[in-house]
Amino acid sequence: FFSVSSTMVVRPNGCGIAGLWVIVAGTPTPIRLTGVHVGAQMIDCASEVTVSQRFCNDSAATREDACYVFPLDEQAAVFAFEAQINGEVVVGEVVEKEEARRKYTQAVASGDGAYLMEQDKPDVFEMRLGNLPPQTEVLITIKYVTHLKVESDGAIRFLLPTSVAPRYTPAGATAVPSESATVTTAAARVDVQVDVEMPSPICTVFSETHRIRSDITGGAARVTLEAAELDRDFVFNVTIAAPHEPRVCVEEAPDDGESRVAMLTLVPHFKLQDVLTEFVFVIDRSGSMGGAKITSAKSTLKLLLQSLPDHAYFNIVSFGSRYECLFGQSVRYTEQTFRQALNAVERMGADFGGTEILRPLEAVYAMSTPAGYARSIFVATDGQVSNTEQVLELVRRRCPRTRVFSLGIGANASHHLVDGLARAGRGTAQYVQDGERMQGKVVQQLKDAMQPALNDVVVDWGLKGPAAATGPVASASPEGPEAAPAKKKSLLGFFTNKTAPAPAPAPAVPPPQAPFVPPPVFAGSRFTVYCAVPRGAALPESVTVTAATPEGPLDVVLPVPPAVHYGRVAHRLYGRAQIRDLEEGSSYLHHAARAPSAADVRAAVVALGRQHSLVSAHTSFVAVEKRTRQPVLQRMWTPADRFQRDYSPITPHYFQRYHVPMAARPCSSYGGSLGLRSSDNGPKLSMLREARRCAPPTPAPAMECMAPQYGAPPPPPAFSCSAAAHCAPPHRPPAPPVARPGSAAPPQPLQQQQQQQ
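The shown structure was predicted, so the numbers you read here are calculated from the model rather than taken from an experiment. For every chain, the first residue of the written sequence is number 1, and numbering continues from 1 along that sequence. Restriction of local features to residues with pLDDT of at least 70 applies here, the model being predicted, together with a cutoff of 80 or more for giving and counting side-chain atom pairs; totals for whole chains, interfaces and linings are based on all residues. Computation of side-chain values: all heavy atoms of the structure, hydrogens and water removed.

Draft legend 1. Spatial organisation of the nonpolar core. In plain words, nonpolar cores are sets of buried Ala, Val, Leu, Ile, Met, Phe, Trp, Tyr and Cys residues tied together by side-chain atoms within 4.5 Å. Three exposure classes are used, based on accessible area relative to the maximum for each residue type with a 1.4 Å probe and protein chains only: buried under 20%, partly exposed in between, and exposed over 50%. Judged by nonpolar contacts, the single largest core of 55 residues is most densely connected at Met-42 and Phe-158. Secondary structure elements follow DSSP: runs of H or I no shorter than four residues count as helices, runs of E no shorter than two count as strands, and numbering proceeds from the N terminus. Per-element tally for this core: the top contributor is strand β5 (residues 32–43), with five residues. Contacts were defined at the residue level, with two residues in contact if any of their heavy atoms lie within 4.5 Å. Contact partners of Phe-158, with chain neighbours within four places excluded, come to Ala-40, Met-42, Ser-47, Val-49, Leu-148, Val-194, Phe-234, Val-235 and Phe-236.

Draft legend 2. A look at the layout of surface pockets. Grid spacing is 1 Å over the protein atoms alone, the probe is 1.4 Å, and a cavity is where that probe fits but cannot get out, while a pocket is an open set with protein on both sides within 12 Å along at least five of seven lines and lining residues have an atom within 4 Å of a point. Grid points are joined across faces, edges and corners, and a volume is the space filled by probe spheres set on the points. Estimated volume of the largest pocket: approximately 1200 Å³. What lines the largest pocket is a set of 43 residues, and nearest its centre among them are Gln-75, Arg-423, Gly-427, Pro-519 and Pro-520. Every element with two or more residues in the lining of the largest pocket is listed here: β14 (149–150), α6 (415–424), β30 (429–432), β35 (527–533) and α8 (569–584). For the lining of the largest pocket, the leading source of residues is α8, giving six residues. The classification used treats Ala, Val, Leu, Ile, Met, Phe, Trp, Tyr, Cys and Pro as nonpolar, Asp, Glu, Lys and Arg as charged, and all other residues, Gly among them, as polar. Taken together, the residues of the lining of the largest pocket sort by class into 18 nonpolar, 12 polar and 13 charged.

Draft legend 3. A look at helix α1 (residues 97–109). In this analysis, the expected span of each helix is defined as 1.5 Å times one less than the number of residues it contains. Between its first and last C-alpha atoms α1 spans 19 Å; for 13 residues at 1.5 Å apiece the expected length is 18 Å, and the two agree. All of the buried residues in α1 are Lys-97, Ala-100, Arg-101, Tyr-104, Thr-105, Ala-107, Val-108 and Ala-109. Definition of a polar contact: a pair of N or O atoms within 3.5 Å, with one able to donate and the other able to accept a hydrogen when the atoms are protein atoms, and with sequence-neighbouring residues admitted only if both atoms are side-chain atoms. Between the side-chain oxygen of the N-cap and the backbone nitrogen of Glu-98 there are 3.0 Å, and the N-cap of α1 in question is Glu-96. Looking one or two residues past α1, Gly-111 carries a phi angle of roughly 85 degrees, positive in sign.

Draft legend 4. Structural context of the environment of Glu-208. Along the chain, Glu-208 turns up in the loop between β18 (202–206) and β19 (213–217). Sequence separation of Glu-208 and Asn-237 is 29 residues, and the distance between their C-alpha atoms is 8.7 Å.

Draft legend 5. Summary view of the environment of Asp-153. Along the chain, Asp-153 turns up in the loop between β14 and β15 (156–160). Look at Asp-153 and you get exposed, because its relative accessible area is 53%. A polar contact of 3.1 Å, which involves the side chain of Asp-153, links it to the backbone nitrogen of Ala-155.

Draft legend 6. Region of interest: the pairing of strand β25 (residues 313–319). In terms of burial, β25 is largely enclosed, as six of its seven residues are buried. Relative to β25, strand β24 (residues 277–284) runs parallel, the two being bridged by seven bridges. Note on β25: the bridge partner recorded for Phe-279 is Phe-314. Here the term right-handed applies to a crossover when the path leading from its first strand over the helix to its second strand runs clockwise, the strands being oriented away from the viewer. Note that the unit made of β24, helix α2 (residues 292–306) and β25 has a crossover that is right-handed. Note on pairing: two strands pair once DSSP finds at least 2 bridges between them. Of the pairings in the sheet, the one linking β25 to strand β27 (residues 331–332) comprises two bridges and is antiparallel in character. Residue Tyr-313 lies in a different strand from β27, and its bridge partner there is Arg-332. As judged from the three bridges shared by β25 and strand β26 (residues 323–325), these two strands associate in the antiparallel manner. For Phe-319, the partnering residue across the bridge sits in β26 and is Tyr-323. If you look at the hairpin formed by β25 and β26, you'll find three residues sitting between the two strands.

It is worth stressing that arrangement in space is one thing and function is another; only the former is reported here.
This is the structure we're talking about:
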């Protein structure tokens with residue numbers, strides 16, 4: 001994540017370098033990382049994180065286009081980006097992605113400082129720095145908020161990803177440049193400080209990945225990690241006295257009192273009769289699973305096999321570049337089949353080549369399910385594939401009949417794939433880091449798989465007026481003061497409910513809820529949804545959650561406290577949830593009578609990104625640092641314009657070729673690069689990049705010199721060179737005019753005519 005230590009990015013041209021890098025004469029060159037600081041505020045199940053990284057250009061040349069790739073939590077919402085250079089702070093703005101790229105390339109071509117931050121995947125981001133001056137430090141700061149995961153024992157998990165692992169590209173799939181990476185052995189050190197605030201007293205703070213120091217005072221704590229080597233993800237857990245207390249909180253934007261977002265979170269507790277289940281264990285045995293990962297996967301599989309109920313059916317599918325099934329069809333769980341499976345697990349190794357998960361999943365879906373059984377697929381993988389969207393689309397199509405539970409193995413597991421599989425398959429996701437205890441996580445997932453699928457969940461936000469509820473409202477108990485108290489089974493177990501609120505009228509327009517389709521409900525797993533309170537509407541008195549089950553509806557009524565919190569954490573998480581709905585095809589647009597077009601989805605994502613200042617698949621951060629007395633190159637178009645540097649994902653315009661007279665080149669061919677200077681001590685601007693690779697085989701015709709000019713005035717009708725001392729060719733006598741075939745002889749110069757006379 002931060003650096004030269006964790007990630008080596010390999011570009012399509014075969015070059016690679018760790019951390020922040022720039023291509024110089026076809027060679028990747030690193031830009032030194034001098035310091036990293038991470039500050040975070042962890043409030044209940046949400047966290048706001050600030051990451052500051054200081055880079056130094058030690059060379060004597062301006063670095064025109066430096067790039068680095070870094071990971072974030074898959075649920076992170078990046079909302080702030082700034083660069084500080086030479087005492088000046090440049091704040092980024094969120095604009096549409098193509099517009100951001102255009103601003104970046106124009107600023108770089110103009111000699112200004114330029115900074116661009118894009119999302120490659122929901123858990124992989126890329127930043128580019130343009131025109132980094134020589135012998136200069138730049139401090140890059142990003143801020144993001146994220147929703148924290150809750151473990152099966154109620155511990156709240158803080159995660160700081162530190163590396164992007166290599167992504168295997170199956171045949172026929174398109175590789176993503178930022179997903180080609182490898183871990184290096186160089187060490188980067190960072191300081192981390194996290195301030196923790198919890199709604200109940202903190203019991204313990206512990207980390208199984210790093211040595212930390214924690215100071216606990218009641219419901220607050222400070223966690224520090226000093227000068228650590230982040231060679232793997234940094235994870236620590238916080239346990240509190242009342243981890244499963246359900247609550248609704250309302251956040252009001254400090255600069256807009258009419259902007260309010262409600263967040264509902266609860267951990268259901270109920271017991272339903274287990275369903276007959278067929279378990280299919282899909283195990284990643286690709287080369288990237290070598291070492292501790294395959295050992296962890298085998299231990300997990302053994303634990304799952306030992307915990308299966310007697311009436312279960314099961315099968316094991318191993319995959320890599322190929323796949324194989326232990327049984328042709330799922331078999332009944334008996335002592336004989338159990339022993340046969342254990343022997344097969346003992347022989348497993350990371351020897352199946354690349355990570356091709358699509359074909360084995362298609363094969364599993366094609367298998368018949370035993371009559372009367374529900375199928376649950378367990379996927380254990382590090383998720384290092386590049387065709388993630390194809391895999392998730394397959395799971396979404398088959399979701400109604402088959403649930404998917406995913407387990408991320410190792411420090412570099414892809415959160416986009418692991419979490420995406422669970423969301424698309426209406427299951428749950430868990431992660432096992434090196435050295436972490438897995439038993440509780442695995443057993444909880446097995447219990448979830450044996451529960452009935454509670455997908456029909458309705459949240460009644462209690463809002464008055466046109467936006468009152470989403471979907472059908474559960475029927476209420478008999479009302480009135482004389483109604484007798486009754487024992488009622490709810491999402492939080494049994495409790496006595498004397499009265500129940502009357503059902504709200506059916507809404508004319510659904511409220512802005514996110515996720516629009518509530519996630520499935522599992523006993524012991526946290527359930528969280530957001531809702532924007534309409535402007536001018538009164539806060540609701542209570543919120544009701546209802547889930548349909550084979551044994552009848554389960555519901556719970558939660559009071560809404562009148563006090564509001566001030567901030568924008570819930571606003572940003574709400575905006576990120578809306579964007580994810582749009583990206584995954586589960587938004588309010590996708591449930592309308594008319595299916596939305598790609599342009600409709602893109603426009604909605606761009607609007608949300610701008611509203612909440614969030615990076616997304618269609619919005620990016622861009623910042624431009626205006627610099628005085630910087631040359632601007634006027635571009636002339638030639639046939640070579642169709643060529644561009646193949647390692648740049650940004651695009652075409654900045655890397656087009658600039659032409660000057662052939663005599664001004666360092667040699668008469670396209671064999672090297674040329675730099676022109678605006679003055680003796682002015683900055684050098686590279687005008688030809690990798691010319692040998694992209695030039696046509698024959699020399700281009702001489703063009704008039706497009707010399708640097710200060711400022712950016714409109715180009716004059718006829719250009720005159722103001723820097724002839726630097727770019728004009730040596731003086732030579734003019735060549736005699738050449739007569740073209742079929743034309744009259746060219747007129748001779750007057751001096752020559754007088755000599756002839």
